[in-house]
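Analysis of the macromolecular model
As a plain string of letters, each chain reads:
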Amino acid sequence: IVLFGFWNVRRNSKYYKEIATGMHVPVHHQRGEQLTCLPSRAGDDIEVNVSDIVYIEATQNYLNVYLQQEGEVNRRMIRNTLKEIKSVLKEFPDIIQCHRSFLINMEYVEDVKGNSQGLVLHLDHTKTNTVPVSRTYVSVIRHKMESLV
């Protein structure tokens with residue numbers, strides 16, 4: 001059992017490294033003005049320029065929306081589900097889900113790294129700098145990266 005576990009970790013590590021090295025990060029394109037309203041169940045909706053959204057992180061029924069504003073990333077919290085916000089943002093192709101708790105704006109992806117734990121996206125202008133990609137969304141991220149090149 002121990003040998004199988006070690007073999008499985010090595011196999012996954014090799015697999016995710018191959019995926020990450022095969023992805024080319026696109027050159028960032030000009031960000032435009034596309035205003036939308038992110039609804040909040042608490043009534044404090046926020047109007048944002050979609051290109052300012054770096055990523056959105058879900059924590060139970062709250063969302064941390066990370067926005068690029070004046071050269072720095074600011075966090076706004078709203079009470080809503082990721083599923084509902086994803087449906088609001090579905091018309092914006094650069095905003096995609098990469099994990100059950102994260103939506104990302106592909107315009108801000110600087111690099112993709114992979115190891116036995118899976119893929120990790122390194123984002124532009126963020127303090128945390130990384131967002132995980134779950135196995136379910138690896139093919140979605142790969143396809144999106146290929147279409148942006």
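Here the structure is a predicted model, which means the values were calculated and not measured.

**As for the overall build of the protein**
When its secondary structure is counted, the protein shows 3 helices and 10 strands. Going from N to C terminus, the protein has its helices and strands arranged as α-β-β-β-β-β-α-β-β-β-β-β-α. Classification of the 149 residues of the protein by burial places 42% in the buried group. Of the contacts formed within the protein by residues at least 6 apart in sequence, a portion of 52% connects residues at least 24 apart. Of the roughly 9100 Å² that the protein leaves accessible, carbon and sulfur atoms contribute 50%.

**Considerations on the environment of Gly118**
Summarising the element assignment, Gly118 is placed in strand β9 (residues 118-123). The spatial distance from the C-alpha of Gly118 to the C-alpha of Val133 is 6.8 Å, given a sequence separation of 15 residues.

**Considerations on the environment of Asn64**
With respect to the element layout, Asn64 can be found in strand β4 (residues 62-69). Relative accessible area serves as the criterion here: at 8%, Asn64 is assigned to the buried category. On a C-alpha basis, the gap between Asn64 and Phe102 in space is 9.6 Å, while along the polypeptide they are 38 residues apart. Sequence-distant contacts of Asn64, that is, excluding residues within four places in its chain, are made with Tyr55, Ile56, Glu57, Thr59, Arg75, Arg76 and Met77.

**Observations concerning the nonpolar core**
By size, the foremost hydrophobic cluster in this structure holds 21 residues, and its most contacted members are Tyr55, Cys98, Ile104, Val109, Leu121, Val133 and Ile141. Elements represented by at least two residues in this core include exactly β3 (53-59), β6 (95-99), β7 (102-105), β8 (109-115), β9, β10 (130-133) and α3 (138-148). Core analysis: the second largest hydrophobic core is formed by 17 residues, Ile46, Val50, Leu63 and Ile78 among them.

**Examining α3**
Listed as buried for α3 are Val138, Ile141, Lys144 and Met145. Buried residues along α3 cover an arc of 135° about the axis, so they all sit on one side. Across α3 from its buried face, at more than 90 degrees, point the exposed residues His143 and Glu146.

**Some details on the sheet that holds β10**
Across the sheet, 3 strands lie side by side as β8-β9-β10; this open sheet has antiparallel pairing. The sheet is open, and its two edges are formed by β8 and β10, each paired on a single side. Direction aside, neighbouring strands of the sheet carry axes that sit 25° apart on average. Where β8 meets β9, 6 bridges bridge the pair, whose relative direction is antiparallel.

**Things to note about the side chain of Thr36**
Turning to its location among the elements, Thr36 is positioned in strand β1 (residues 35-38). Overall, the relative accessible area of 15% leaves Thr36 in the buried class. The residues contacting Thr36, other than those within four sequence positions of it, are Ile46, Glu47, Val48, Val50, Val88, Leu89 and Phe92.

**Here's the deal with the confidence of the model for the protein**
For the protein, mean pLDDT is 80; residues scoring 70 or higher make up 74% of the total. Note that residues 2-9 has pLDDT below 50 and, in this model, 1 contact with residues that lie over four places away or in other chains. With pLDDT under 50 throughout, residues 24-30 is counted as low confidence; its partners more than four residues away or in other chains account for 16 contacts.

Rules of the game
Residues numbered from 1 in each chain as written. Predicted model: local features only at pLDDT ≥ 70, side-chain atom pairs only at ≥ 80, totals over all residues. Heavy atoms only, no water. Helix = DSSP H or I, 4+ residues; strand = E, 2+ residues; numbered from the N terminus. Buried < 20%, exposed > 50% of the residue type's maximum accessible area, 1.4 Å probe, protein only. Contact = heavy atoms within 4.5 Å. Areas by Shrake-Rupley, 256 points an atom, 1.4 Å probe, with all protein chains shown as cover. Core = buried A, V, L, I, M, F, W, Y, C linked by side-chain atoms within 4.5 Å. Arc of directions from axis to C-beta. Pairing = 2+ DSSP bridges. Axes fitted to C-alpha atoms, helices over the stretch in contact; angles between N-to-C directions. pLDDT = per-residue confidence, 0-100.

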